[in-house]
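Coordinate analysis (summary)
One-letter residues, chain by chain:
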Amino acid sequence: MDRFRRTELTENEQKIFSLIRKNPYISQQALADSISLSRPSVANIISSLMKKELIKGKAYIVNETAPVVCIGGANVDRKYTAKQPLQWGTSNPTSSVQSAGGVARNVAENLGRMEMDTVLITAAGNDVDWQLIHEATSPFADLERTSFIPGATTGSYSAVLSPDGEMALAMADMEVFEAITPAVIRQNEALLAGSACLIADLNCPKETVEEVRKTAHRGNIPLAVLAVSAPKMKRLPDSLDGVTWLVTNRKETEEALGLPLESPEEWQQACDQWLAAGTEKIIITDGAAGAVHASRSFPKAQHVTAPTSAVVVDVTGAGDAFAAAMIRSQLDGAALEESVQAGIGNAQATLAVSETVRRDLHASSITNYTETEAE
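About the cut-offs
Residue numbers restart at each chain and count upward from 1, following the sequence in its written direction. At least 70 in pLDDT is required for a residue's local features to be given in this predicted model, at least 80 for side-chain atom pairs to be given and counted, and no such filter applies to totals for whole chains, interfaces and linings, which use all residues. Here the side-chain values reflect all heavy atoms present in the structure, with hydrogen atoms and water set aside. Secondary structure follows DSSP: runs of H or I at least 4 residues long count as helices, runs of E at least 2 residues long count as strands, and numbering of each begins at the N terminus. Here the globule rule is a power law, 2.2 Å times the number of residues to the power 0.38, and the radius of gyration is based on C-alpha atoms. The buried label goes to any residue with under 20% of its type's maximum accessible area, the exposed label to any with over 50%, and the partly exposed label to all in between, with areas taken from a 1.4 Å probe on protein chains only. It only takes one pair of heavy atoms within 4.5 Å for two residues to be counted as in contact. Axis definition: a line fitted to C-alpha atoms, over the contacting stretch in the case of helices. Angles run 0 to 180 degrees between N-to-C directions. Roughly parallel covers angles under 35 degrees, roughly antiparallel covers those over 145, roughly perpendicular covers 65 to 115, and oblique covers all other angles. Crossings are assigned a handedness: left-handed for a near helix turned anticlockwise from the far helix by less than a right angle, right-handed for a clockwise turn. Three categories are distinguished: nonpolar for Ala, Val, Leu, Ile, Met, Phe, Trp, Tyr, Cys and Pro, charged for Asp, Glu, Lys and Arg, and polar for the others, with Gly belonging to the last.

As recorded by an unreviewed UniProt entry, the protein carries the name Carbohydrate kinase and is attributed to Alkalicoccus halolimnae.

As structure tokens, this is what we get:
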């Protein structure tokens, strides 16, 4: 902006313009808080700046459709399905397929296919596996904030499936994700501060998840923390204050809490413990049995059953499909019960295909699931 046009601005217009230049993703509420004005006053100033052609609208197109930022794993999934019952200690005939995977990446692609503006923050090696991930993911999520680690290999997940599609054994090489450090989160603070939602998986180091939690808490940004395995439950922050949704499966919760989930009383106790730790909402998935959820505003554990007619081709990616649809539904303003139904619907549709993220997913899918459930 030239000096003459700068002098035409009021003091508050100059402050707003300066803040927008530094962070095009910044929300109107964050602008209002920064200079102690009301949000309607900020909206009027932005309108004035647009009329003066100092803001062309691009930043505020982005701002009003603020991105969902997914932080965590992006790896190559290699799946080997046995053609007959598995035998240990010998060679087993299989069919194999490889695809892009990783919890945060899978969720990002699911959300992108549901027409949400999505950014993925991850770490990778600059290798052939990353090229596969980039090709599969870039149409659905912004990958520009990937950290490429010299000498590292891109993460990989190799699963051996029994003939019925159930996982018998899996091996994960996720060392590269240790490079998603708190410094990476701080480097992307402007993006995170202007996001519609943050999603972090437990492939990230514990201190990184904590940094994301503090960022979300500071900015009052919705945050989902997604478990990835029972051993990595140790990466949860000590406090869950600022976590909007904690999503785990039954085994992960049993491992983290040291509590078997058999009776309704034990399920309630688990939900109570997670809520006491600080999360606003807890969702515990239980495979074909559905999911249990509770919240601070409604702490009684609720069980949402899954349809019994589900077809299982491949279980890989179903949990990520659940999380993505549940979060999308919540961001659309649905009640938690309805959102869990949406998650189950997307998970079951993903179980029925060989892809980690199903290709027929679209924005209206979750509405279709909840309407079907209500009939």
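Now that the structure is up, let's keep going.
We now examine the overall build of the protein. Within the protein, the secondary structure is distributed over 15 helices and 14 strands. Rg of the C-alpha trace for the protein: 22 Å, near the compact-globule value of 21 Å for 375 residues, within the 12% margin. With the principal axes as the frame, the protein shows a C-alpha extent of 80 × 50 × 40 Å. Within the protein, the fraction of its 375 residues that count as buried is 50%. Summarising the internal contacts of the protein: among those between residues at least 6 apart in sequence, 66% fall at separations of at least 24.

This next bit is on the packing of helix α2 (residues 11-22) against helix α3 (residues 28-35). Axis separation between α2 and α3 bottoms out at 11 Å; the angle between their running directions is 130 degrees. Classified by the interaxial angle, the pair formed by α2 and α3 is oblique. The crossing of α2 and α3 is right-handed. Every residue of α3 that contacts α2 at Asn12, Lys15, Ile16, Leu19 and Ile20 is listed here: Leu31, Ser34 and Ile35. A class-by-class count of the residues in the contact of α2 with α3 yields five nonpolar, two polar and one charged.

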